Amino acid sequence: MSQAAHPAPRSLAEALRARDDASLAALLRSRPDLITPVPTDLTQLATRAGTRASVLRALERLDRFALQTAEALAVAPDPASYDTLLALMAGDAGDKRIAAALPHALAGLREQALVWGDDERLRLVRTARELLAPSPQHPSPTGLGPSVQEATSGMSPGRIQEIVTAAGLASTHDSVSAVTALTALFSDRRKMAELLAGAPEAAREVLARLVWGPPYGQVTAEPAAHLRWLLDRGLLLPTAPGTVVLPREVALHLREGRAHRAPEPLPPAVEPAATHGRQVVDATAAGQAYTALATIEELLKDWDEGGPAVLRAGGLSVRDLKRTAVALDVSEPVAAFWVELAYAAGLIASDDEADERYAATPAYDEWLERPSAERWAQLAEAWLAATRTPGLVGGRDAKDRTLAALGPGLDRSAAPEVRHRVLTLLAGLPAGAAPDTESVLARLRWERPLRGPQQRNGEEDLRSRLARWTLSEAEALGITGRGALSAQGRALLGAPAAGAGSRAASGTPGTSGSATETGPGDKLPVHHHHHPATAPAPLSPAEQAVATAAAARLLAPLLPEPLDHVLLQADLTAVAPGPLQRPLADLLGVLADVESKGGATVYRFTPDSVRRALDAGRTAGDLHAFLAEHSRTPVPQPLAYLIDDVARKHGHLRVGAASAYVRCDDDALLNEILADRRAAGLRLRRLAPTVLAAPCDPATLLEGLRAMGFAPAAESAEGDVLITRAHAHRTPPRTAPEPVPDGPPPPDATLLAAAIRAIRAGDLAATAPRKTAGAGVPLPGGELPRTSSAETLATMQAAVLTGGSLWIGYVNAEGTASQRVIAPVKVEGGFVTAYDHTADEVRTYPLHRITGVAELAED
């Protein structure tokens with residue numbers, strides 16, 4: 001761990017300069033914001049790594065033990081030795097688990113450039129220290145207060161001398177040595193024990209109340225005797241009128257040296273709540289997957305001719321969500337999930353027309369044609385990557401507006417990472433094991449203790465809510481079955497098959513064989529402690545496509561095969577004992593109404609449903625033939641009669657535009673309509689023995705007559721019967737919504753290599769030792785060299801002959817200035833061709849764009 005091979009760095013930039021390329025790559029991979037854009041050199045990289053926003057983002061990605069280590073360094077002397085840090089973490093008694101875990105936690109903090117320096121001089125980056133060190137405005141999670149030196153900074157010298165004397169120390173000639181002596185006393189375990197042995201019992205009780213924080217207390221102008229005893233000896237120090245604080249050194253003595261009440265070197269294990277057979281889990285999950293496909297189809301069928309209107313602010317209205325929930329026979333939060341899933345998969349979108357509505361996209365028609373398992377895989381992959389969070393629907397945004405399904409404000413960039421992490425934890429359990437939810441939440445809170453606002457008004461932090469939603473959504477989608485990860489769910493993650501490496505997966509992310517499942521009698525193994533730099537990277541798009549295809553292959557045999565038949569029954573119903581082939585399902589959906597769903601779907605034939613099929617252009621003969629072909633039972637007589645009866649009346653009445661008219665060869669039937677009181681609202685009048693006219697439009701007249709029990713048909717201007725087929729409404733081509741990234745994406749190996757090469761080259765140019773400028777004055781490090789054209793040309797030509805390297809200033813066509821280290825190869829025609837050490841390639845530069853040149857020093 002020690003960095004004795006290098007001289008002790010004096011700054012973070014120097015510490016980064018001493019790193020090899022692999023170490024720099026690990027830093028940039030764990031903190032991708034540092035290369036957005038690529039820094040010009042290592043000094044700029046160090047500056048960026050110390051900015052408040054970047055440090056805060058890095059701290060938010062630490063696990064609990066790494067964060068506790070950083071918090072301990074924030075209350076330690078600056079710099080601190082490794083032994084001092086270990087004492088703060090493990091306490092006077094020592095803790096073998098902490099001693100085993102600390103080197104790895106510290107290595108993680110170093111890797112992320114939050115800590116630098118060797119083991120004798122560990123320094124927390126200044127910004128991190130400011131964020132984590134205790135102050136009255138921002139108490140430290142350690143519960144410690146200011147040091148004696150900080151707490152006495154505004155105290156009069158006379159008062160400090162009084163405290164020193166009362167504490168049994170010799171008075172000193174100045175305040176600095178007095179404070180040093182007091183600090184040494186409070187840090188000496190034996191002397192402190194002697195001092196506190198004489199404390200009144202009530203004084204000891206006050207210290208016990210303050211020892212674990214908050215360290216501040218209130219006192220009156222005339223403190224009680226036991227408080228006066230503590231104040232006189234500096235065991236409590238005044239910070240403001242009426243307020244006292246327990247100095248850090250006193251608290252650490254009372255805590256036996258520990259900075260934290262409960263250090264957590266090991267992540268809490270995810271506990272199984274129940275275990276089921278693998279076949280049961282996979283079959284249950286497959287059943288849920290089939291239901292998911294059926295639900296999405298039903299939703300889109302309901303919106304086929306155009307779905308609900310888009311609210312002005314975007315999204316579905318509460319009424320439309322409620323209507324959708326009733327149509328799907330689910331609760332409103334579940335309906336919001338299905339609607340959002342279809343949207344994430346690119347199956348529904350807004351049509352962008354004047355009266356904007358939601359509708360299916362052309363991608364939905366393509367999706368319908370794919371095999372069931374592939375359709376499921378598309379939904380599952382979209383869900384895994386989506387940042388839209390249906391669980392928030394119905395809640396309030398920052399401006400106290402209701403969050404609507406499909407509306408703005410539902411993206412949470414942490415959602416994909418939490419989903420992936422929860423499923424990975426499930427993959428680490430034995431096959432068929434369903435997790436205890438609270439143990440999953442405890443594990444996530446350990447892994448990212450700073451992420452998301454913590455509990456407010458009893459509400460869980462965002463990551464915990466995302467985890468709960470993940471568990472319920474994964475079950476609804478068939479990724480889990482009975483709470484346990486299914487085979488297809490495991491494949492979707494790209495995880496090994498159940499039983500292979502499952503213990504490793506249940507450990508900390510990015511480690512193998514973490515000591516998370518140690519029993520009371522087990523020996524403690526070496527702990528491969530997690531830090532974000534070693535967390536498994538999400539699958540690349542190509543890897544995810546392979547994993548998704550594998551999941552579809554595993555699911556396919558478990559899904560029921562579509563049937564080509566139904567069972568017709570005498571009570572005008574048809575039973576579909578399983579999923580139906582698409583053409584059969586589509587026509588049966590027109591000819592009959594769905595009465596109940598489940599393992600078997602029951603359809604009911606009614607006069608209205610039969611007329612719907614006739615309106616769609618089918619004849620009675622077509623319907624008889626269709627039923628005879630697809631029924632495993634004979635077509636019951638009542639059903640045949642129903643079809644013939646509706647067909648006989650269908651089209652007997654004709655409706656056209658007069659605004660609308662009704663014509664019929666049977667004047668007795670027209671007399672019956674005129675005599676019916678229900679026709680009063682249509683305001684019909686007779687134009688001829690076989691024609692009635694109405695002032696309403698044809699569609700209203702059709703509906704009115706149908707409501708009265710007649711079966712009219714619409715006709716065209718030529719007198720032909722109009723076939724009214726259902727018109728499928730589609731949006732223009734749409735792409736699925738892009739997930740909102742959680743900061744810059746992790747760089748790939750190619751980008752990392754290029755960025756490191758550029759940073760190193762820029763650093764070489766910025767730090768290369770240079771000879772003095774022409775006037776004999778050394779050049780300041782940040783300034784470009786300035787020489788005349790003749791001088792520049794002569795120096796270049798000399799370097800070509802000697803093969804030497806030069807430092808140049810260069811201004812490109814956009815006017816951006818940079819400094820480079822080059823080895824000139826040839827100079828001709830106003831150009832210099834040189835090997836550019838900065839870019840690591842041969843380049844040609846126009847001489848007129850070179851501001852000047854300086855030779856590099858010999859060493």
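Per-chain numbering applies: the sequence of each chain, read as written, is numbered from 1 onward. Whole-chain, interface and lining totals are the exception, using all residues; otherwise, since this is a predicted model, local features are given only for residues with pLDDT of at least 70 and side-chain atom pairs are given and counted only at 80 or more. Excluding hydrogens and water, the side-chain values take into account all heavy atoms of the structure.

**Describing the overall build of the protein chain**
Across its full length, the protein chain carries 34 helices and 25 strands. When each of the 859 residues of the protein chain is scored for burial, the buried share is 47%. Residues count as neighbours in contact if any of their non-hydrogen atoms are within 4.5 Å of one another. For the protein chain, contacts bridging at least 24 residues in sequence account for 66% of all contacts bridging at least 6. Accessible surface for the protein chain amounts to roughly 40,300 Å². Of this, 54% is attributable to carbon and sulfur atoms. Per the convention used, a helix needs a DSSP run of H or I reaching at least four residues, while a strand needs a run of E reaching at least two, with both numbered from the N terminus. For every residue, the accessible area (1.4 Å probe, protein chains only) is compared with the maximum for its type, and the residue is labelled buried under 20%, exposed over 50%, or partly exposed between those bounds. Every accessible area reported is derived by Shrake-Rupley at a probe size of 1.4 Å, with residue values counting cover from the shown protein chains alone.

**What about the side chain of Thr-295?**
Residue placement: Thr-295 occurs in helix α16 (residues 278–302). Excluding its chain neighbours within four sequence positions, the residues that come into contact with Thr-295 are Leu-328 and Trp-338.

**Quick notes on the sheet that holds strand β24 (residues 841–846)**
One bridge is not enough; two strands pair if DSSP finds at least two bridges between them. Pairing in this open sheet of 5 strands is antiparallel, and the strands run β24-β23-β22-β21-β25 from one edge to the other. Every interior strand has two partners, whereas the edge strands, β24 and β25 (850–855), have only one. Taking each pair of neighbouring strands and ignoring which way they run, the sheet shows an average axis angle of 45°. Bridging between strand β22 (residues 817–828) and strand β23 (residues 831–836) involves 6 bridges; their strand directions are antiparallel. By the bridge assignment, Ala-823 is partnered in β23 with Tyr-835. For helices, the fitted line uses only the C-alpha atoms of the stretch in contact; every axis is such a line through C-alpha atoms, and the angle between N-to-C directions lies from 0 to 180 degrees. Each of β21 (806–811) and β22 is contacted by helix α33 (residues 749–767), which is oriented at about 90° to β22, the strand it contacts most. Across the sheet, helix α34 (residues 789–802) touches β21, β22, β23 and β25, and the angle it forms with β22 is around 65°.

**Regarding the packing of helix α2 (residues 21–30) against α33**
One can describe the packing of α2 onto α33 by two numbers: an axis separation of 10 Å at closest approach and a directional angle of 115°. With respect to α33, the element α2 is oriented roughly perpendicular. When the axes of α2 and α33 are compared, the crossing they make is right-handed. Along the contact surface, α2 presents Asp-21, Leu-24, Ala-25, Leu-28 and Arg-29, while α33 presents Leu-752, Ile-756, Ile-759 and Arg-760. The scheme is simple: roughly parallel for angles under 35 degrees, roughly antiparallel for over 145, roughly perpendicular for 65 to 115, oblique for anything else. Here a crossing is called left-handed whenever its near helix is offset anticlockwise from the far helix by less than a right angle, and right-handed whenever the offset is clockwise.

**Some words on the packing of helix α20 (residues 372–385) against helix α23 (residues 462–477)**
Across the interface, α20 lies against α23 with an axial gap of 11 Å and an inter-helix angle of 170°. On the basis of the axis angle, α20 is roughly antiparallel to α23. Counting all contacts with α20, which are made through Trp-376, Leu-379, Ala-380 and Trp-383, the residues of α23 involved are Thr-470, Glu-473, Ala-474 and Leu-477. Each residue gets one label: Ala, Val, Leu, Ile, Met, Phe, Trp, Tyr, Cys and Pro are nonpolar, Asp, Glu, Lys and Arg are charged, and the others, such as Gly, are polar. Grouping the amino acids of the contact of α20 with α23 by side-chain chemistry returns 6 nonpolar, 1 polar and 1 charged.

**Digging into the confidence of the model for the protein chain**
Mean pLDDT over the protein chain stands at 84; residues scoring 70 or higher make up 90%. Note on scores: pLDDT gives the predictor's confidence for each residue, bounded by 0 and 100. This model gives residues 500–535 a pLDDT under 50, and the stretch forms 84 contacts once residues within four places in sequence are excluded. Low pLDDT, under 50, characterises residues 772–779; the stretch is placed with 6 contacts to residues that sit more than four places away or in other chains.

**Digging into the nonpolar core**
By nonpolar core is meant a set of buried Ala, Val, Leu, Ile, Met, Phe, Trp, Tyr and Cys residues that side-chain atoms within 4.5 Å join together. Among the nonpolar cores identified, the biggest contains 89 residues, and Leu-16, Phe-186, Leu-235 and Leu-236 are the most heavily contacted of them. Top contributing element to this core by residue count: helix α5 (residues 64–75), with 8 residues. Non-local contacts of Phe-186, meaning those with residues more than four positions away in its chain, are made with Val-148, Met-192, Leu-195, Arg-233, Gly-234, Leu-235, Glu-249, Val-250 and His-253. Of all hydrophobic cores here, the second largest spans 73 residues; its members include Leu-384, Trp-469, Ala-491 and Leu-492.

**Quick notes on a negative patch on the surface**
A surface patch of like charges, here negative, comprises Asp-665, Asp-666, Asp-667 and Glu-672. Take Asp-667: its relative accessible area is 39%, and that puts it in the partly exposed class. Here a patch means residues that are over 30% exposed by relative accessible area and free of salt bridges, tied together within 9 Å if like-charged and within 5 Å if nonpolar (Val, Leu, Ile, Met, Phe, Trp, Tyr). Counted as salt bridges are all cases of a side-chain nitrogen of Lys or Arg within 4 Å of a carboxyl oxygen of Asp or Glu. Asp and Glu count as negative and Lys and Arg as positive, but His and the ends of the chain are not part of the count. Note that the charge is assigned to NZ on lysines, CZ on arginines, CG on aspartates and CD on glutamates.

**Concerning unusual backbone geometry**
For the bond from Thr-36 to Pro-37, the omega torsion is 0°, close enough to zero to count as cis. Note on placement: Pro-37 falls in the loop between α2 and α3 (42–49). Cis rather than trans, the peptide bond between Asp-78 and Pro-79 has omega equal to 0°. Mapped onto the elements, Pro-79 comes out in the loop between α5 and α6 (82–90). Of note in this structure, Ala-113 is not a glycine but carries a positive phi near 60°. Relative accessible area serves as the criterion here: at 0%, Ala-113 is assigned to the buried category.

**Some points on the pattern of salt bridges**
Inspection of the entire model under this criterion finds 37 salt bridges. In this structure, the salt-bridge partner of Arg-706 is Asp-615, at a minimum N-O distance of 2.9 Å. Remark: Asp-615 occurs in helix α28 (residues 607–615) and Arg-706 occurs in helix α32 (residues 698–707); sequence separation between them is 91 residues. Per residue, the accessibility class of Arg-706 equals that of Asp-615, and both read buried. The shortest N-O distance in the salt bridge between Arg-648 and Asp-645 comes to 2.8 Å. Residue Arg-648 and its partner Asp-645 are located together in helix α30 (residues 637–649), separated by 3 residues, close to a single helical turn. Note on Asp-645: relative accessible area 30%, which makes it partly exposed.

**Digging into the pairing of β24**
The sheet contact formed by β23 and β24 spans 6 bridges and is antiparallel. What sits directly across from Ala-834, in β24, is Arg-843. Here β23 hands over to β24 after 4 residues, with Asp-840 in that stretch at a positive phi of 60°.

**Examining the packing of aromatic side chains**
Aromatic pairing here means that ring centres of Phe, Tyr or Trp (its six-membered ring) are within 6.5 Å. Orientation follows from the plane angle: under 30 degrees is stacked, over 60 is edge-to-face, and everything else is tilted. The full count for this structure, using the stated rule, is 4 aromatic pairs. Pairing Phe-337 with Trp-338 gives two aromatic rings, centres 4.9 Å apart and planes at 55°, and the pair type is tilted. By relative accessible area, Trp-338 is classed as buried at 5%. Sitting above the plane of the Trp-367 ring, Arg-375 keeps its charged end 5.1 Å from the centroid. We count a charge as sitting over a ring when the NZ of a lysine or the CZ of an arginine lies within 6 Å of the ring centre and within 35 degrees of the ring normal.

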